[in-house]
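Chain residues, written in single-letter form:
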Amino acid sequence: MRANTDLNAHTENIIYDDKIVKYFSLATFGWGIAALLFGLIAALQLAYWPMNMNMEWMTFGRLRPLHTNAAIFAFAGNAIFAGMYYSTQRLLKARLFSDLLSKIHFWGWQFVILCAAITLPLGYTQSKEYAELEWPIDILITVIWVVFAINFFMTIKRRREKHLYVGIWFYIATIITVAMLHIVNSIEIPITPLKSIPVWGGIQDALVQWWYGHNAVAFFLTTPFLGLMYYFVPKAANRPVYSYRLSIIHFWALVFIYIWAGPHHLLYTSLPEWAQSLGMVFSIMLWAPSWGGMINGLMTLKGAFKELIQNPVIKFFVAALTFYGMATFEGPLLSIKSISAVGHYTDWIVGHVHSGALGWNGMLIMGMMLWMVPRLWKTELYSVKLAENSFWVSLTGVLFYYVSMTVAGITQGLMLNGVTAEGKLMYPDFVETVTKIVPLYWVRAIGGALFVTGYLIFIYNMYKTIKLAPKDAPETVVKVTRTGWDEKTNDVHRKLEGMGLGFSVLTFVAVLVGSVIEIYPTLSLHRYVNPEQTTEPFSALQIAGRGIYISEGCYVCHSQQIRPIVAEVLRYGPASTIEESMWDRPHQWGSKRTGPDLSRLGKKYPDMWHFQHMINPRAITPNSIMPNYPWLVEKNTDFLSLRREFSVMKALGTPYDENTIANADIIAQKEAKILADELHKQGAPKGLEKKQIVALIAYLQALGQKAKTPSPTTADNK
Amino acid sequence: MKQEGLKFFTDTYLTVIGFLIFFSYFVFVAVNALRAPKKQIQQLAHIPFSNEDEHGK
């Protein structure tokens, strides 16, 4: 640590490590452009499917995970690290613990992002939303996160300010909870260098995944940003936070409640009802702490109206906090079962997510950088006018995006749930509901393009600001004083604020309680499975096809979970049961229906229907927006890894016999030959047995066909 | 849909434990936050301003 002790024993001269903050800031700028462009291309593909340029690695199923990972972990992630490292050093009056660990953290994180940017377009995915990355990258993330945690907690240990400011509490909660979420959700067994099988199956996997998925939003996109808000909003407004008492209640209530709310992503699924109800109730309770934080942030700016008019940084912060308030109002609303019945699986959720990601996270990042970059580079902001322009263009973009997707989601949700007085579907043809909202997909794309434009103006402003920086400016020496160490108090929370370790342990306990109560009971699956209704596992070829289904990202647009809602049962068949997905590793319940649910697709159409549909969906459904998949006829199926895959599934409890495991690849190829010959008879080209399309058709034809008590097939799956 | 209200909270035991833990915890936090002396609260709120290194504008 660079520190010189002054003559006064309590005062020292130190130099903060702002170099690492600059690195993370620059990475934020670069990855932000990539993340937003991926999103824009994906948005255009939904409005006009040929925008995938007929390239498999740019097709929506692969591009969407790339976009979400880039937005969350590359754009928001780098911004979090930049803001955290900047504010932590100043709040603790200590240089970061280790320059080396900071560098490992930075370069390691960029390497993780690079690995994601290569593997996701190539189709290497676990299909778990926001946790798609395969096992070697999961391990790398864990290592880098531990490096980050050591660097952060050792800085706390070496602090000169005894009392931990509320921003630091949110950072502590982030580091601890993200570690817990990532490790538990990523317990998997490798079967090839880039493929693994999760130990969780079916309903367990669904619950663990959404416990993770929901709390990734909570503890990666909310708590760290609240910590940043509690530092940068008071600094920008040059006044302390409105109510520090409220911030104490806000913090403890938020970290405790958030962790319970994951099951609101699984309402009306085959998840036990008690877990759904608990998730719904805690989601509604989240209203209070979320709004407590929003009000605290906005009220900090009370009396700063002049600042709001003149200072673009304040504008960005006010917009961010307003979007945070909107998103955290809408989230609990969407968690109410009757609202979820309409909104879930639709674009309403997409609109909701983007009001948070672009409005809350994006605006806060831009505001923070506008304040921080001139200070880091010891210069002035290049142009206030450009900052104003970037604000208004971005804000217009978010509003276009949010309104269009909310309207699209509610429209499609109501159309899909519409039932006539005679008990029939009002809109039996799924594609009819898609055609209706395509114009809104164009509006969304315009909104996205506006946000990208606003962001590019912001980047240009940042570039010109950095160019203004003086060359070879010396590092600033800061005089700091040790404070709070000789204080004696009987107040419980006051004591706790001075104890880094004790505070962290209590935070861990707060997030652990809800996690254990929700996840533990579902680990004893036998309580919920009806032994009379257990399902047969997939055959060798079907498992190979399932791998292709996952790799192509079919789960991004198709669910495999029918809710016990009249319209869904009429449209797709009987509601899904726990038993039907009990061998699914990972589960394929999905979270969005850009296309129809596929749970009971099997045997509904001939094999040749599927062949033609995959090559050109519009040959079957004229208005379909699904992309063509011509490469499935050219690429070979990977049969070689099947033995290992079957052996791992057997070890995890799937009832395969030894012969199937030992000969999985041979059995799969025999099945493929029979199916390929059948396809040839129906008019498909000869010699398809090794091609991916055959394995995929085998899987699709098995969906809904494995239950021992066969379910009646349905009405319409178009 | 209305009838489903009857099926909520089928695992009453777990639900009651969850709520009891939460509300006890919340009351404890709220009481402690409100009891803290004003001077200490002010001091904490000013931490971001106690360490200026304004090397920019």
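Asker: Can you help me understand the overall build of chain B in this one?
Answerer: The number of helices and strands found in chain B is two helices and zero strands. In chain B, which comprises 57 residues, the proportion classed as buried is 14%.

Asker: Before we go on, may I ask you to explain the overall build of chain A in this structure?
Answerer: Scanning chain A from N- to C-terminus turns up 26 helices and five strands. Rg of the C-alpha trace for chain A: 26 Å, near the compact-globule value of 27 Å for 718 residues, within the 12% margin. Counting only C-alpha atoms, chain A reaches 90 × 50 × 50 Å along its principal axes. Counting all 718 residues of chain A, 57% fall into the buried class. Put simply, 82% of the contacts in chain A that link residues at least 6 apart link residues at least 24 apart.

Asker: Can you walk me through the packing of helix H23 (residues 642–651) of chain A against helix H25 (residues 664–681) of chain A in this structure?
Answerer: Two numbers describe a pair of packed helices, the interaxial angle and the distance between the axes. All names here are of chain A. Relative orientation of the contacting elements H23 and H25 amounts to 115°, with a least axis distance of 7 Å. Taken together, the axis directions place H23 and H25 in an arrangement best described as roughly perpendicular. Where H23 approaches H25, its residues Leu-642, Arg-643 and Phe-646 are matched on the opposing element by Ala-664, Asp-665 and Ala-668. Here the residues of the contact of H23 with H25 are counted per class, giving four nonpolar, no polar and two charged.

Asker: Please explain the confidence of the model for chain A as it appears in this structure.
Answerer: Any region with low pLDDT has predicted coordinates that should not be read closely. Residue and element names in this part refer to chain A. Looking at chain A as a whole, its pLDDT mean stands at 92, while 97% of the residues score no less than 70. Here residues 1–8 is a poorly scored stretch, pLDDT under 50, and it has 14 contacts once near neighbours within four places are set aside; other chains count. Across residues 710–718, confidence stays below pLDDT 50; counting only partners more than four residues off in sequence or on other chains, it has 26 contacts.

Asker: Sorry if this is basic, but what is going on with unusual backbone geometry here?
Answerer: Leaving glycine aside, a negative phi is the common case for residues, and trans is the common case for peptide bonds. Residues and elements named next belong to chain A. Note that the residue after Arg-585, namely Pro-586, is joined by a cis bond; omega there is -10°. Locating Pro-586 in the fold gives a position in the loop between helix H20 (566–572) and helix H21 (607–615). At Met-53, a position not held by glycine, the phi torsion is positive, near 55°. Relative to the elements of secondary structure, Met-53 occurs in the loop between helix H1 (18–47) and helix H2 (60–92). Under the C-beta neighbour-count criterion, Met-53 is labelled exposed, with 10 such atoms within 10 Å. Unusually for a residue other than glycine, Asp-472 sits at a positive phi of about 55°. Classification of Asp-472 as exposed rests on a count of 4 C-beta atoms within 10 Å.

Asker: Where do I start with the pairing of strand S3 (residues 188–192) of chain A in this structure?
Answerer: Here is the key point about a regular strand: its side chains alternate between the two faces of the sheet. Residue and element names in this part refer to chain A. Sheet topology note: the S3/strand S4 (residues 195–198) ladder contains four bridges and is antiparallel. The residue bridging Thr-192 from the neighbouring strand is Lys-195, located in S4. Counted between consecutive antiparallel strands, the loop separating S3 from S4 contains two residues.

Asker: Can you help me understand the nonpolar core in this one?
Answerer: What tends to happen in soluble globular proteins is that the nonpolar side chains get buried as a cluster. All names here are of chain A. Within the largest apolar cluster, 224 residues are counted, with the highest numbers of intra-cluster contacts made by Ile-257, Ala-320, Leu-364 and Leu-696. Examining the composition of this core, we find that 18 residues originate from one element, H2, more than from any other. Aside from chain neighbours lying at most four places away, what touches Leu-364 is Phe-225, Leu-228, Met-229, Phe-317 and Ala-320.

Asker: Mind showing me how you'd approach the environment of Lys-235 of chain A here?
Answerer: When you line up the elements, Lys-235 of chain A lands in helix H7 (residues 223–237). Given 21 C-beta atoms within 10 Å, Lys-235 of chain A falls into the buried group. Placed 86 residues apart in sequence, Lys-235 of chain A and Leu-321 of chain A show a C-alpha to C-alpha distance of 15 Å. The residues contacting Lys-235 of chain A, other than those within four sequence positions of it, are Trp-371 of chain A together with Pro-48 of chain B.

Asker: Quick question: what am I supposed to make of the environment of Gln-669 of chain A here?
Answerer: Within the element layout of this structure, Gln-669 of chain A appears in helix H25. Expressed as a C-alpha distance, the spacing of Gln-669 of chain A and Leu-541 of chain A, which sit 128 residues apart in the sequence, is 7.2 Å.

Asker: Help me understand the packing of H7 of chain A against helix H14 (residues 347–376) of chain A, please; the structure alone is not making it clear to me.
Answerer: Residues and elements named next belong to chain A. At a closest axis distance of 11 Å, the pairing of H7 and H14 adopts a crossing angle of 40°. As summarised for this structure, H7 and H14 are arranged oblique, according to the angle between their axes. Every pair of crossing elements has a handedness; the one defined by H7 and H14 is left-handed. Residues Phe-225, Leu-228, Met-229, Phe-232, Lys-235 and Ala-236 of H7 touch H14, and the partners they reach there are Trp-360, Asn-361, Leu-364, Met-368 and Trp-371. Of the residues assigned to the contact of H7 with H14, the class counts are nine nonpolar, one polar and one charged.

Asker: What is the right way to look at H25 of chain A in this model?
Answerer: Three or four residues apart is the spacing at which side chains of an α-helix point the same way, because the helix has 3.6 residues per turn. All names here are of chain A. Under the 1.5 Å per step criterion, the end-to-end length of H25 is 26 Å for 18 residues, consistent within 8% with the ideal 26 Å. Buried within H25 we find Ala-664, Asp-665, Ala-668, Glu-671, Ala-672, Leu-675, Ala-676 and Leu-679. For H25, the angular spread of buried residues about the axis comes to 135°, placing them on one side. Each element contacted by the buried residues of H25 is listed here: helix H19 (540–551), H21, H23, helix H24 (658–662) and helix H26 (692–702). Positive phi appears at Gly-683, one or two residues downstream of H25, with a value of about 120°.

The rules behind the values
- Residues numbered from 1 in each chain as written.
- Chains lettered and ligands numbered in written order.
- Predicted model: local features only at pLDDT ≥ 70, side-chain atom pairs only at ≥ 80, totals over all residues.
- Helix = DSSP H or I, 4+ residues; strand = E, 2+ residues; numbered from the N terminus.
- Buried ≥ 20, exposed ≤ 12 C-beta atoms within 10 Å, placed from the backbone.
- Rg over C-alpha atoms; globule rule 2.2 N^0.38 Å.
- Contact = placed C-beta atoms within 7 Å.
- Axes fitted to C-alpha atoms, helices over the stretch in contact; angles between N-to-C directions.
- Parallel < 35°, antiparallel > 145°, perpendicular 65-115°, else oblique.
- Nonpolar A, V, L, I, M, F, W, Y, C, P; charged D, E, K, R; others polar.
- pLDDT = per-residue confidence, 0-100.
- Pairing = 2+ DSSP bridges.
- Core = buried A, V, L, I, M, F, W, Y, C linked by C-beta atoms within 7 Å.
- Left-handed = near helix turned anticlockwise from the far one by under 90°.
- Expected span 1.5 Å × (residues − 1).
- Arc of directions from axis to C-beta.

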